[in-house]
Amino acid sequence: MEGFKRLFDIENLANEWKVDLSIHTKLVKEAREEFPNDKMMVELHIVRALRRDRRQNVH
């Protein structure tokens, strides 16, 4: 996907929300497997999963 510009800084978001590195790595791997040809969907999937993880850890 030439010319793709990232919409989210996923690494900083994970750090800011204190997401465990093993969870972050797992989410990235799963998203890339699910959407191998769509980088935007990979990003969106990861951001949504990070938000879900963050909400679960806040309560």
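Structural data are supplied above this passage.
Keep in mind it's a predicted model, so treat the numbers as computed, not measured.

**Considering the overall build of the chain**
Right, so step 1: Across its full length, the chain carries three helices and zero strands.
Right, so step 2: Listed by position from the N terminus, the elements making up the chain come as α-α-α.
Right, so step 3: Roughly 4800 Å² of accessible area belongs to the chain as shown, and the carbon and sulfur atoms make up 51% of that amount.

**Observations concerning unusual backbone geometry**
Right, so step 1: Of note, Lys18 is a non-glycine position whose phi angle comes to about 55°, a positive value.
Right, so step 2: You can see Lys18 is positioned in the loop between α1 (10-16) and α2 (21-34).
Right, so step 3: For Lys18, a relative accessible area of 71% gives the class exposed.

**Some details on the pattern of salt bridges**
Right, so step 1: Counted according to the given criterion, the structure contains two salt bridges.
Right, so step 2: Put simply, Glu30 and Lys26 hold a salt bridge, and the shortest N to O gap is 3.9 Å. Here the residue Glu30 and the residue Lys26 both occupy positions in helix α2, the gap between them amounting to four residues, near one helical turn.
Right, so step 3: On the accessibility criterion, Glu30 (34% relative accessible area) is partly exposed.
Right, so step 4: Its salt-bridge partner being Glu33, residue Lys29 comes within 2.8 Å of it at the nearest N-O pair. Taken together, the residues span about one helical turn, with Lys29 and Glu33 both in helix α2 at a distance of four residues. Accessibility assignment for this pair places Lys29 and Glu33 in one class, exposed.

What counts, and where the lines are drawn
Residues numbered from 1 in each chain as written. Predicted model: local features only at pLDDT ≥ 70, side-chain atom pairs only at ≥ 80, totals over all residues. Heavy atoms only, no water. Helix = DSSP H or I, 4+ residues; strand = E, 2+ residues; numbered from the N terminus. Areas by Shrake-Rupley, 256 points an atom, 1.4 Å probe, with all protein chains shown as cover. Buried < 20%, exposed > 50% of the residue type's maximum accessible area, 1.4 Å probe, protein only. Salt bridge = Lys/Arg side-chain N within 4 Å of Asp/Glu carboxyl O.

Limitation: the analysis is restricted to geometry and does not speak to function.
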